[in-house]
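# Summary of structural features
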Protein chains: 2
Amino acid sequence: MQWTLHILQRQRGARMGTEALGRLAEERVDHRFKGLPPDAHGRTVRELAAQRRNLFTAEGGFTTPLLVLSAERLAHNLALMESYTARHGLAFAPHGKTSMAPQLFHRQIEHGAWGITLAVPHQVRVAREFGIQRVFLANELVDAPALRWIAAELAADPGFRFVCYVDSVRGVELMDTALRGAARPVDVVVELGAGEGARTGVRSAADARAVAEAVGRTDTLRLVGVAGYEAQVPDADPARVRAWLRHLVALAAEFDKDGRFAGAGEIVVSAGGSEWFDAVAEVFAEVPALSLPVLKLLRSGAYVSHDDVHYRRLTPFNRVPEEGALEPAFRLWAQVVSRPSATEAFVNAGKRDAAYDLDLPVAQVVRGDDGTERPAAGIEVTALSDQHLWLRTGSGADLQVGDWVGFGLSHPCTVFDKWQLIPVAEADGTVVDYIRTCF
Amino acid sequence: MQWTLHILQRQRGARMGTEALGRLAEERVDHRFKGLPPDAHGRTVRELAAQRRNLFTAEGGFTTPLLVLSAERLAHNLALMESYTARHGLAFAPHGKTSMAPQLFHRQIEHGAWGITLAVPHQVRVAREFGIQRVFLANELVDAPALRWIAAELAADPGFRFVCYVDSVRGVELMDTALRGAARPVDVVVELGAGEGARTGVRSAADARAVAEAVGRTDTLRLVGVAGYEAQVPDADPARVRAWLRHLVALAAEFDKDGRFAGAGEIVVSAGGSEWFDAVAEVFAEVPALSLPVLKLLRSGAYVSHDDVHYRRLTPFNRVPEEGALEPAFRLWAQVVSRPSATEAFVNAGKRDAAYDLDLPVAQVVRGDDGTERPAAGIEVTALSDQHLWLRTGSGADLQVGDWVGFGLSHPCTVFDKWQLIPVAEADGTVVDYIRTCF
């Protein structure tokens, strides 16, 4: 009976998601979306996708600047993390803040993800609009209208699973006040800070206990686990990260021994950004038997597009190459609009189009008007304005006004958020889909 | 007859604009828009505005993070630049890339603006969707599908005035190729670079002449003036900026003397960001009599919201206080979600919500749960993550989990682009309008 209900609820979530994704496909291509062919105006996204236009041909009609996702690389990354997490016995709630793309959320779930991690209530609202049934909010939440909205979602949909952080007694009290009268308690995990000077999370086991006790005094919250973010460990290195992850596991074991998870159907232990999931896999493999099943929840989000600079350098697969390799799936195309001297060029993409918080874009290839592609030899990005990238060109650089330059990017989170509809293209430039983001 | 046609065309543009703005007001409040009250879901923007909700009350129901524009300060800034440009005999095409907000474009035009400046064709498409009849594209444009789209707009609407930059012979040739067969020529101005190492624009008067000659060889382009961007003058100071502006004026006079503007109804001379419009006003007042009327076109865009850091420091009104003062119109509200130690606090806004390219946000005020507002004494923003601001709190700081912190921001261009629907509130917190952006 319980099982049948569960199946029906999952089906309901999937149906809601399918319907909402269908509405995305029926959106009209118009002034809201950058880079799309002017002659596609008024068509639906579904119709445009069915035309399988080419990025690079005159008939395709795409304009610059234009961010593109690689269809093959997206598929590769989705499959790689599915097999990685399965092999290591990890549940997976990839961080959705990275893409805020409901289509990618659903592909992640189709690839075995338990649910989606998010950071703020607005993002939960997007996920719910698209039928996501399990949300892990990796953040404290004390906003009263947002809490009441979440309580209403929980009341209306028995299949909706929601877990969020707590890291202060006052936060627990504010949540309790906002949630009085709610039909179902909100599941919470105590966030353990990654050390002195790290971001959010309790700074000591004593503080963790005080927060857990405060949760125990409420009827509106249910303690189900512990969580944290190992990338914030000060001077993070493999040994320090593992040591902190062991503290996190020990905290779960202590809470369990003290009976603090009574009433939880399972115990959640969660960590894992995109820099240390090898350490998370290793330490979570050591989690001892507890009084309830343990959901070992990894939250890495950047893998879906990966990148060409920051995560290329920091990905755990560099340490475990035998487990595979992610592939950078973004390319930003921009056009040379000015070549005022032999050493300078400017393209028509800037802060509105490319991430610039961690690293500058990297020129990779040049396409001339004959349609051939050549390496971007001797071309270096030196700066970025709102609507321009500044290029320094060496003596060997072959670059003229009108050429398209393909750039690799750093930090997926601040790439996705600059584009509302992103073409997904196969290697030959055929656009097979369009990914809608909701920031 | 000509005059009647002109009036009819202007009316047509205004009507198109009014209709499109009306469609914005009929948009549904939903998951696309951050910070809005959850219980407003499904209402139209017009209905929500009519409710005149308060930002700060439980009934208002707004959630954090939340970017807000001040109604009074917006109105003040719009009026101030209207009177400033009128007093100095300048036509005004405020740079629309700053806000990409069609409602603000129309308010700028109602406040006497000649038209709107933009940077890339996608932005022109937004402006045209909302009936903007005069667009100054302060950038080179060699993208063939975009050029053909602009040619079609020019052909379809005799009232549409469009001017863009040229700075290379090759660029002129690419434009000419793309525009063959167009019904009307595209008006262009030669962009004069601001010096060695500056951004786009020809580096010498000889190059400028070569580009002008190339334009003269086409039937698809019409040379109507010169333009540039004085803020790019290397080691810009008042003397160097004025010297460069005089070069720009001299180039216009030389081209005029050489008969290069034959066929232009007026001569366009354009400069002016948000740091040096006092110098532009001064030097453009010296423009000599030319063979045609001169449109002295200022393009400053950041004034509409102004800011609390970058432009507060650099605004020309600091040099000419007798001419008025812009007022920072943005405030970002975020909520303290974590207070892990006496010296640390974290709020729920980050790179997704605040500009961070020029300066970090500045904590200004704190609102406690009793609704009183106090100065943010002893609170300093030290860093910014994707979804968090890091605060360092001194011994005098009065701040606890749940408090709202109001932040001042730097660089309007990278604030507007993080919000798709921005409440406009009066000083007491009553929200009277919502500004839609189209990035």
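Residues numbered from 1 in each chain as written. Chains lettered and ligands numbered in written order. Predicted model: local features only at pLDDT ≥ 70, side-chain atom pairs only at ≥ 80, totals over all residues. Heavy atoms only, no water.

Now for the overall build of chain A. Summing up its helical and strand segments, chain A has twelve helices and 18 strands in all. Dimensions of chain A along its principal axes, counting C-alpha atoms only, are 70 × 45 × 40 Å. Among the 439 residues that make up chain A, the fraction classed as buried is 64%. The long-range share in chain A, meaning contacts at least 24 apart out of those at least 6 apart in sequence, stands at 70%. Carbon and sulfur atoms make up 52% of the accessible area of chain A, which totals about 15200 Å². (Helix = DSSP H or I, 4+ residues; strand = E, 2+ residues; numbered from the N terminus. Buried < 20%, exposed > 50% of the residue type's maximum accessible area, 1.4 Å probe, protein only. Contact = heavy atoms within 4.5 Å. Areas by Shrake-Rupley, 256 points an atom, 1.4 Å probe, with all protein chains shown as cover.)

As a further point, take the interface of chain B and chain A. On the chain A side, the residues contacting the 76 residues of chain B number 76 residues. For the pairing of chain B and chain A, the buried interface totals around 6200 Å² over both sides, and the portion due to carbon and sulfur atoms is 50%. Considering only the surface of chain B that becomes buried against chain A, His31(B), Arg125(B) and Arg352(B) emerge as the three largest contributors, covering 13% of it. The interface formed by chain B and chain A holds ten salt bridges in total. We note a salt bridge from Asp357(A) to Lys351(B), for which the minimum N-O separation is 2.6 Å. Counting every contact that joins chain B to chain A gives 40 residue pairs in polar contact (both at pLDDT 80 or more). When residues of the side of chain B that touches chain A are traced back to their parent elements, those giving at least two are α5 (121-129), β4 (134-140), α6 (144-156), α7 (169-179), β10 (330-341), β11 (344-347) and α12 (413-416) of chain B. Within the side of chain B that touches chain A, the residues separate by chemical class into 28 nonpolar, 26 polar and 22 charged. (Buried area = accessible area lost by both parts, 1.4 Å probe. Salt bridge = Lys/Arg side-chain N within 4 Å of Asp/Glu carboxyl O. Polar contact = N/O pair within 3.5 Å; in protein donor to acceptor, adjacent residues only side chain to side chain. Nonpolar A, V, L, I, M, F, W, Y, C, P; charged D, E, K, R; others polar.)

Attention now goes to the packing of aromatic side chains. Applying the stated criterion to the full structure yields 25 aromatic pairs over all chains. Look at Trp333(B) and Trp404(B): their rings are 6.1 Å apart centre to centre, the planes differ by 50°, and that puts the pair in the tilted class. Here Trp333(B) is found in strand β10, whereas its partner Trp404(B) is found in strand β16 (residues 404-408), with 71 residues between them in sequence. These aromatic residues form a ring-pair network of at least three members: Phe56(A), Trp333(A) and Trp404(A). Here Arg367(A) stacks its cationic end above the ring of Phe56(A), 3.6 Å away from the centre of that ring. The ring centre of Tyr356(B) lies 5.9 Å from the NZ or CZ of Lys351(B), which sits over that ring. (Phe/Tyr/Trp six-rings, centres within 6.5 Å; stacked < 30°, edge-to-face > 60°. Lys NZ or Arg CZ within 6 Å of the ring centre and 35° of its normal.)

Let us now look at the sheet that holds strand β8 (residues 267-271) of chain A. Residue and element names in this part refer to chain A. Overall, parallel pairing links the eight strands, which are arranged β2-β9-β8-β7-β6-β5-β4-β3 in an open sheet. Of all the strands in the sheet, just β2 (91-92) and β3 (116-118) have a single pairing partner and so form its edges. Pairing analysis gives four bridges linking strand β5 (residues 161-166) to strand β6 (residues 186-191), with the strands arranged parallel. Residue pairing in the sheet places Tyr 165 in a bridge with Val 189 of β6. (Pairing = 2+ DSSP bridges.)

This paragraph deals with the relation of the copies chain B and chain A. With an axial shift of 0.0 Å and an RMSD of 0.0 Å, the rotation relating chain B to chain A amounts to 180°. Considering both components of the superposition, the chain copies are consistent with a two-fold axis. Residue Asp357(B), judged by its C-alpha, is the member of chain B lying nearest the rotation axis, at 3.8 Å. Comparing contact sets, 100% of the residues at the interface of chain B also lie at the interface in chain A, consistent with an isologous, same-surface contact. (Least-squares fit on C-alpha atoms with pLDDT ≥ 70 in both.)

As for its placement among the helices and strands, Pro238(B) is situated in helix α9 (residues 238-257). Expressed as a C-alpha distance, the spacing of Pro238(B) and Asp278(B), which sit 40 residues apart in the sequence, is 9.4 Å.

All right, on to unusual backbone geometry then. In this model, Thr64(A) is joined to Pro65(A) through a cis peptide bond whose omega is -5°. Within the secondary structure, Pro65(A) sits in the loop between α2 (45-50) and β1 (66-70). Here the phi dihedral of His306(B) falls at roughly 55°; this positive angle occurs in a residue that is not glycine. With relative accessibility at 3%, the residue His306(B) sits in the buried group.

All names here are of chain A. When the terminal C-alpha atoms of helix α8 (residues 205-216) are compared, their 16 Å separation across twelve residues agrees well with the 16 Å that a helix rising 1.5 Å per residue should span. Looking only at α8, the buried set comprises Ala 208, Val 211, Ala 212, Ala 214 and Val 215. Angular distribution of buried residues about the axis of α8 spans 155°; they occupy a single face of the element. Residues of α8 that are buried sit in contact with β5, α7 (169-179), β6, β7 (221-227) and α9 (238-257). (Expected span 1.5 Å × (residues − 1). Arc of directions from axis to C-beta.)

Residue and element names in this part refer to chain B. Spatial ordering of the open sheet is given by β2-β9-β8-β7-β6-β5-β4-β3, a layout of eight strands whose pairing is parallel. Taken across any chain shown, the strands that pair with only one partner, and hence form the sheet edges, are β2 (91-92) and β3 (116-118). Note that strand β6 (residues 186-191) and strand β7 (residues 221-227) share six bridges and pair parallel. Along β7, the bridge assignment pairs Val 186 with Leu 221.

So, on to the side chain of Thr85(B). All names here are of chain B. Considering the arrangement of structural elements, one finds Thr 85 in helix α3 (residues 71-87). Here Thr 85 falls in the buried class, since its relative accessible area comes to 5%. If we skip the residues at most four places from it in the chain, Thr 85 touches Leu 90, Phe 92 and Leu 298.

Now for the nonpolar core. Phe162(A) and Phe162(B) are the most contacted members of the largest nonpolar core, which has 266 residues in total. Apart from the residues lying within four places of it in its own chain, the contact partners of Phe162(A) are Val124(A), Val135(A), Leu137(A), Leu141(A), Ile150(A), Leu154(A), Val186(A) and Asp187(A). (Core = buried A, V, L, I, M, F, W, Y, C linked by side-chain atoms within 4.5 Å.)

This brings us to the pattern of salt bridges. All names here are of chain A. Summed over all chains, the structure comprises 64 salt bridges over all chains. A salt bridge links Arg 436 to Glu 27, with the shortest nitrogen-to-oxygen separation between them at 2.6 Å. Pair noted here: Arg 436 is in strand β18 (residues 431-436) and Glu 27 is in the loop between α1 (2-25) and α2, with a separation of 409 residues, a long-range link. Overall, Arg 436 belongs to the buried group, its relative accessible area being 5%. Assessed through its relative accessible area of 16%, Glu 27 is described here as buried. A salt bridge links Arg 367 to Glu 373, with the shortest nitrogen-to-oxygen separation between them at 2.9 Å. Judged by relative accessible area, Arg 367 falls into the buried class, the value being 15%.

Our focus in this paragraph is the side chain of Ser99(B). All names here are of chain B. On the secondary structure map, Ser 99 appears in the loop between β2 and α4 (102-110). Under the relative-accessibility criterion, Ser 99 is labelled buried at 3%. Ser 99 has contacts with Leu 104, Phe 105, Phe 416, Thr 437 and Phe 439, leaving out every residue within four places of it along the chain.

A few words on α7(B). Residue and element names in this part refer to chain B. Within α7, the full set of buried residues consists of Gly 171, Val 172, Leu 174, Met 175, Asp 176, Ala 178 and Leu 179. Of the surrounding secondary structure, the elements contacted by the buried residues of α7 are α6, β5 (161-166), β6, α8 (205-216) and β7. Gly 181, located one to two residues past α7, shows a positive phi value of around 90°.

As a further point, take the pairing of strand β14 (residues 379-384) of chain A. Residues and elements named next belong to chain A. Where β14 lies against strand β15 (residues 389-393), five bridges are found, and the strand directions are antiparallel. Residue pairing in the sheet places Leu 384 in a bridge with Leu 389 of β15. Between β14 and β15, which pair antiparallel one after the other, the connecting turn spans four residues.

Turning next to the environment of Gly216(A). All names here are of chain A. As for its position among the elements, Gly 216 is in helix α8. Its relative accessible area of 62% is what places Gly 216 among the exposed residues. Placed 44 residues apart in sequence, Gly 216 and Arg 260 show a C-alpha to C-alpha distance of 7.5 Å.

A separate point is the confidence of the model for chain A. Detailed reading of predicted coordinates is not advised where the pLDDT is low. When pLDDT is averaged across chain A, the result is 96; 97% of the residues are at 70 or more. Reported confidence for the predicted complex is 0.96 by ipTM and 0.96 by pTM. (pLDDT = per-residue confidence, 0-100.)

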